[in-house]
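Here is how the chains run, residue by residue.
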Amino acid sequence: MSAGTMLLRITSAATVLLACTALGFGQHTAFDLEGHVVDPLAHSSKVVVLVFLRRDCPVSGRYAPVIQQISKAYAGRARFWLVYPDKSDSAQEIRKYLTEYGYHLAALRDPEHTLVKLGRAQITPEVAVFDRSHRLVYDGRIDNWYADLGRARPAPTTHELEEAIQAAFAGKPVHRSEVRGVGCYISDLE
Amino acid sequence: MLHLRPGINSWLRDAGWTVILSLAAGAVATLSGKPARQASSAATPAEQVTFNHDVAPIIFHSCSTCHRPGEAAPFSLLNYSDVKKHARQIVDVTQSRAMPPWLPQPQKLKFADELRLSDAEIRMIQRWVEQGEIEGNPADVPAQPKFVEGWRLGKPDLVLTANKPLTLPPSGTDTYWNFIFPVPIQQTRWVKAIEIRPGDKRYVHHANILVDREGSSRQRETEPGAGFGGMEIRIESQVFDPDSHLLFWKPGTVPYVEPEGMALRLDKGTDLILNTHLQPSGKPEVIQPSIGIYFTTHPATKLPMLLQLENDAKLDIPPGQKDFVVTDEFLLPIDVDLLAIYPHAHYLGKDIQALATLPNGTTETLIHIPQWNLNWQAVYRYAEPVRLPKGTRVSLRYVYDNSEENPLNPSHPPARVRGGNRSSDEMCHLWLQVLPVNFDPARGDPRMLLQEALARHNVEKNPADFEAHYNLAAMLQSKEKIEAAIHEYQLAVGLRPDDAAANNALGAALVAANHPEQAVQYLRAALKARPDYFDGHYNLGFALAGQNDFAGAAEQFRLASRLQPQDANVEANLGAALAQLGDFPAARSHFLRALQIDPNQPIVKENLDALQKEMNSH
């Protein structure tokens, strides 16, 4: 029994790696702010959270304190990356944004939308959560703070990102594609 | 025995009007630099839609005023690549009519600067996106809209900047902050326009100016110049001064220049209070508003007034209720021109409507907002004044949604909500800026008739409404119906026995009605509630003098003079009381001091002469 489970895990991790290759890591890919190619899923045995942001998107901006707070709460167990899919964003502009919003998280440029596709992101802000074996367990909104553009609840009443992180910790292999985020389309950048 | 007359003719100080001016709001003027509208509905479904030919005219006309650097919107919409970068979102927000922000439904009575896309324009944008966002022929693109940079009306005559900026925290709920701007003028001036620069416009939802002639708001600051929090603020006014101007800023507002004869009065010692609604952006923001004032030499000759319909007392909304209806109506006692309208509710407000039923039975919609959104509240100015004859019934009907389905509901799960000033309370207010017409000036200020009718209406609607009794009393008193005024003040004091202003006003009215012995207890109650109350000391001084207690009177006048050392009346009356006590040298020096402050006081001169004669004869 226990050997079988082991085997299964290795298989599924291998599938994801394959998927990554298929998405073109190595050829078209994401960069850190120094310009190095980075695969946020490689060499990580932690839960990985990709947070998709547009600098020109006010809702993305307003979520900064929420993202910071959640990333802090799971620090050590989940690795957070901020992903900027606007190809016209320079590393310098992103650095300035990180400073202004007080972010202490690693940021990636995703000009080819490699990570966008991997994390099935459509809107900023949205998140993609990968479990320890790099399976996508959740993609969609962070919570339901925004009911619609310009109509924010005083506080969110659902917390999809945190639930997904906990599911990933618990090793629940369900992929859930939940409600899309409210904010700015990533496809408008193409 | 000396016969001394009071310092000046009007010697009693009553608190007069308590007007809630929290909603005094502002002007929406013609957008400057608006590009001429191009007919863009030429394309038929078969034709190719391009940015340059079809979409740019719509964007330049209806979006670029706000979507450009330095304005309220988060990104620019000034050219093809700007618009392409937000194309699908633009389809969404135009179809939902979230953009351009314009809440009222189309109606027969037109508003100035209506900013609403036609259905054809919305379809055009959608088709452009469906067809692949084609840029088109460069020759087709209309000229870039031109905008006035900096102060819209040129350099203001006076610029006031908030003493202390506010640092808006990165997160949290919306913030309501009030900045106080003392106006450094030495005499009454007339103002034709005020431009509000609310600080970084991206984080200010709206701002409005309230006129505080009494400095009462300063008491709410923890330190001078710090400003104070609060969504709805209340300012007491001492004179019949209905403060009839709506000074409002929202994104896209261009300052409104009052028409000839409708200038706003600014007195020496006035504070302007800027009430702002701010939204956190995710990073700390420093907000430091400024105000530009444009004077005119033409005093006001036309005096509009703000009529307030409201029914906060009926707001007691059970949790879960989706359609809670509140109404109010008011019968106009005189002919008026309606100039502007300002509806106000908080986060449960859903469908907001105001109607006018004319004496001939026809009904006009004054405003209808089917999906209320506090974030985009505004003052709406009519394109043409709307004549409402005497006998017109103005009514409001507001619907509130206190269910879980209302995402803006401040409570989760929903809780019972009542009327109140906090953002989690509700409001049901409608302000109408009206200008009385067809009246006989010889018969007095027609606004008095409106005020009295309104005060009576409010007292009938809600007998437990303190302010209604108070305002009606003040109204009656100003018409010298003193016994009726005393009755209403008594009802007000009965409702709020510890209210300083009401006790003071009742005391003052009793003194005026020659009952100083009855006045004393109320004036003492006023001073117990507010020991540094200048008016309370002043009036108590009078009440005591009226009972020949000159020692007591002198003491009160002395306390008053300590609070306001530059008040000539206090000095004159202190002198009179001291003279009665036989302390002639001290009396003389206070008379002289009164004349030094204000040389133009014949009665003081008379008293001084009488005193001099009395002193010489000894």
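Residues numbered from 1 in each chain as written. Chains lettered and ligands numbered in written order. Predicted model: local features only at pLDDT ≥ 70, side-chain atom pairs only at ≥ 80, totals over all residues. Heavy atoms only, no water.

Asker: Hey, could you go over the overall build of chain B for me, with residue numbers and the actual values?
Answerer: Scanning chain B for helices and strands turns up 14 helices and 23 strands. Compactness check: chain B gives a C-alpha radius of gyration of 28 Å against a globular reference of 25 Å for 618 residues, within 12% of the reference. Reported as C-alpha extents along the three principal axes, the dimensions of chain B are approximately 110 × 50 × 50 Å. Across the 618 residues that make up chain B, the buried fraction comes to 57%. For chain B, contacts bridging at least 24 residues in sequence account for 78% of all contacts bridging at least 6. When the accessible surface of chain B is totalled, it reaches about 25700 Å², and 51% of it is carbon and sulfur. Here chain B holds 59 positive side-chain charges and 71 negative ones, and the gap between their average locations is 2 Å. (Helix = DSSP H or I, 4+ residues; strand = E, 2+ residues; numbered from the N terminus. Rg over C-alpha atoms; globule rule 2.2 N^0.38 Å. Buried < 20%, exposed > 50% of the residue type's maximum accessible area, 1.4 Å probe, protein only. Contact = heavy atoms within 4.5 Å. Areas by Shrake-Rupley, 256 points an atom, 1.4 Å probe, with all protein chains shown as cover. Lys, Arg positive; Asp, Glu negative; His and termini not counted. Charge placed at Lys NZ, Arg CZ, Asp CG, Glu CD.)

Asker: Outline the overall build of chain A, listing residues and values.
Answerer: The number of helices and strands found in chain A is six helices and 12 strands. Across the 190 residues that make up chain A, the buried fraction comes to 53%. Carbon and sulfur atoms make up 56% of the accessible area of chain A, which totals about 8800 Å².

Asker: Run through the nonpolar core, naming residues and quoting values.
Answerer: Residue and element names in this part refer to chain B. Ranked by internal contacts, the top residues of the largest apolar core, which has 56 residues, are Ile341 and Tyr400. At five residues, strand β17 (residues 336–344) tops the list of elements feeding residues into this core. Ala468, Tyr470, Ile486 and Ala576 belong to the second largest nonpolar core, which has 55 residues in total. (Core = buried A, V, L, I, M, F, W, Y, C linked by side-chain atoms within 4.5 Å.)

Asker: Outline the state of the cysteines, supporting the account with residue identities and numerical values.
Answerer: Across all of its chains, the model carries one disulfide over all chains by this definition. Each disulfide pairs two cysteine sulfurs, and for cysteine 57 of chain A the partner residue is cysteine 184 of chain A, the sulfurs being separated by 2.2 Å. Judged by the torsion about the S-S bond (90 degrees), the cysteine 57 of chain A/cysteine 184 of chain A disulfide is right-handed. Within this pair, whereas cysteine 57 of chain A is found in the loop between β3 (47–52) and α2 (58–62), its partner cysteine 184 of chain A is found in strand β12 (residues 184–185), the two being separated by 127 residues in sequence. Here cysteine 57 of chain A and cysteine 184 of chain A have matching classes, each one buried. This cysteine, cysteine 63 of chain B, is not joined by any disulfide, and cysteine 66 of chain B carries the nearest cysteine sulfur, 8.9 Å off. (Disulfide = S-S within 2.5 Å.)

Asker: For the pattern of salt bridges, give the residues involved together with the corresponding values.
Answerer: Residues and elements named next belong to chain B. The tally for this structure, following the rule as stated, stands at 35 salt bridges over all chains. Across the pair arginine 447 and aspartate 445 runs a salt bridge, and its minimum N-O distance is 2.8 Å. Each of Arg68, Glu71, Glu149, Arg152 and Lys201 takes part in a single network of salt bridges with overlapping partners. (Salt bridge = Lys/Arg side-chain N within 4 Å of Asp/Glu carboxyl O.)

Asker: Account for the domain arrangement of chain B, with residues named and values stated.
Answerer: Where the parts come together, the accessible area they lose is often given as the size of the interface. Domain assignment breaks chain B into domain 1 (51–140), domain 2 (158–296), domain 3 (305–438) and domain 4 (463–617). One C-alpha centre belongs to domain 1 of chain B, the other to domain 4 of chain B, and the line joining them spans 62 Å. (Domains from an automatic or database assignment.)

Asker: Which residues make up the sheet that holds strand β5 (residues 189–197) of chain B, and what values go with them?
Answerer: Picture the strands of a sheet paired through backbone hydrogen bonds; they go either parallel or antiparallel. Residue and element names in this part refer to chain B. One open sheet holds the four strands; their spatial order is β2-β13-β5-β10, and the pairing between them is antiparallel. Since the sheet does not close on itself, it has two edges, and those belong to β2 (158–161) and β10 (264–266), each with one partner. Going across the sheet, the axis of each strand differs from the next one's by a mean of 45 degrees, ignoring polarity. Direction of pairing for β5 relative to β10: antiparallel, over a ladder of three bridges. By the bridge assignment for β10, arginine 189 is matched with leucine 266. (Pairing = 2+ DSSP bridges. Axes fitted to C-alpha atoms, helices over the stretch in contact; angles between N-to-C directions.)

Asker: Please provide a residue-by-residue account of the packing of helix α3 (residues 87–95) of chain B against helix α4 (residues 119–130) of chain B, values included.
Answerer: All names here are of chain B. Orientation of α3 relative to α4, taken along the N-to-C sense of each, is 155 degrees, at an axis distance of 9 Å. Of the possible angle classes, the one that applies to α3 and α4 is roughly antiparallel. Here the hand of the crossing between α3 and α4 comes out left-handed. Contact residues: α3 offers Ala87, Arg88, Ile90, Val91, Thr94 and Gln95, while α4 offers Ile122, Ile125, Gln126, Trp128 and Val129. Taken together, the residues of the contact of α3 with α4 break down into seven nonpolar, three polar and one charged. (Parallel < 35°, antiparallel > 145°, perpendicular 65-115°, else oblique. Left-handed = near helix turned anticlockwise from the far one by under 90°. Nonpolar A, V, L, I, M, F, W, Y, C, P; charged D, E, K, R; others polar.)

Asker: Please give an account of the pairing of strand β19 (residues 363–369) of chain B that cites residues and values.
Answerer: All names here are of chain B. Judged by how many residues are buried, β19 sits mostly within the fold: five of seven residues are covered. Direction of pairing for strand β18 (residues 349–357) relative to β19: antiparallel, over a ladder of six bridges. Residue pairing for β19: leucine 355 is matched across the bridge by threonine 365.

Asker: Help me get a handle on the packing of aromatic side chains, residues and values and all.
Answerer: For the structure on display, the rule yields 21 aromatic pairs over all chains. Taking the ring centre of phenylalanine 295 of chain B as reference, the NZ or CZ of arginine 189 of chain B above it sits at 4.0 Å. (Phe/Tyr/Trp six-rings, centres within 6.5 Å; stacked < 30°, edge-to-face > 60°. Lys NZ or Arg CZ within 6 Å of the ring centre and 35° of its normal.)

Asker: How would you sum up helix α6 (residues 466–478) of chain B? Please name residues and give values.
Answerer: At 3.6 residues per turn, the α-helix brings residues three or four places apart onto the same side. Residues and elements named next belong to chain B. For α6, spanning 13 residues, the distance from its first C-alpha to its last is 18 Å, which sits close to the expected 18 Å at 1.5 Å a residue. Regarding α6, the residues found buried are Phe466, Glu467, Ala468, His469, Tyr470, Asn471, Leu472, Ala473, Ala474, Met475, Leu476 and Gln477. Positive phi shows up at glutamate 480, right after α6, with a value of about 65 degrees. (Expected span 1.5 Å × (residues − 1).)

Asker: Summarise the interface of chain B and chain A; cite the residues concerned and give the values.
Answerer: Between chain B and chain A, the contact holds 28 residues from the first and 26 residues from the second. With both chains or domains summed, chain B and chain A bury close to 2300 Å², and 51% of this area falls on carbon and sulfur atoms. Contact with chain A buries surface across chain B, with Lys85, Arg88 and Pro407 of chain B losing the most and accounting together for 25% of the total. As a salt-bridge pair, lysine 85 of chain B and aspartate 86 of chain A come within 2.5 Å of each other at their nearest N and O atoms. The interface formed by chain B and chain A holds 13 residue pairs in polar contact (both at pLDDT 80 or more) in total. (Buried area = accessible area lost by both parts, 1.4 Å probe. Polar contact = N/O pair within 3.5 Å; in protein donor to acceptor, adjacent residues only side chain to side chain.)

Asker: An account of the confidence of the model for chain B is requested, with residue identities and associated values reported.
Answerer: Chain-level pLDDT for chain B is 87 on average; 91% of the residues reach the 70-or-more range. If you check the scores for this complex, the pTM reads 0.82 and the ipTM reads 0.84. (pLDDT = per-residue confidence, 0-100.)

Asker: So, the packing of helix α13 (residues 584–597) of chain B against helix α14 (residues 602–616) of chain B: which residues are in play, and what are the values?
Answerer: Residue and element names in this part refer to chain B. Look at α13 against α14: their axes get within 10 Å of each other, and the N-to-C directions meet at 155 degrees. It follows that α13 is roughly antiparallel to α14 by the angle criterion. Seen along the crossing, α13 lies across α14 with a hand that is left-handed. Across the interface between the two elements, Phe584, Pro585, Ala587, Arg588, Phe591, Leu592, Ala594 and Leu595 of α13 pack against Val604, Lys605, Asn607, Leu608, Leu611, Gln612, Glu614 and Met615 of α14. Residue classes in the contact of α13 with α14 are distributed as 11 nonpolar, two polar and three charged.

Asker: Can you lay out the side chain of histidine 67 of chain B for me, pointing to particular residues and giving the numbers?
Answerer: All names here are of chain B. Relative to the helices and strands, histidine 67 resides in the loop between α1 (51–62) and α2 (80–84). Residue classification places histidine 67 among the buried positions, given a relative accessible area of 8%. Apart from residues no more than four positions distant in its own chain, histidine 67 is found in contact with Ala73, Pro74, Phe75, Ser76, Leu77, Leu78 and Met99.

Asker: Pulling in residues and values, what's your account of unusual backbone geometry?
Answerer: Among all residues except glycine, the phi angle is most often negative; among peptide bonds, the trans geometry is most common. Methionine 99 of chain B connects to proline 100 of chain B through a cis peptide bond whose omega is -15 degrees. Mapped onto the secondary structure, proline 100 of chain B falls in the loop between α3 and α4. Note that the residue after histidine 412 of chain B, namely proline 413 of chain B, is joined by a cis bond; omega there is -5 degrees. Along the chain, proline 413 of chain B turns up in the loop between β21 (393–400) and β22 (417–418). Of note in this structure, histidine 134 of chain A is not a glycine but carries a positive phi near 70 degrees. Overall, the relative accessible area of 12% leaves histidine 134 of chain A in the buried class. Phi at asparagine 548 of chain B takes a positive value of approximately 65 degrees, unusual for a residue other than glycine. Structurally, the position occupied by asparagine 548 of chain B is in the loop between α10 (534–546) and α11 (550–563). Under the relative-accessibility criterion, asparagine 548 of chain B is labelled exposed at 58%.

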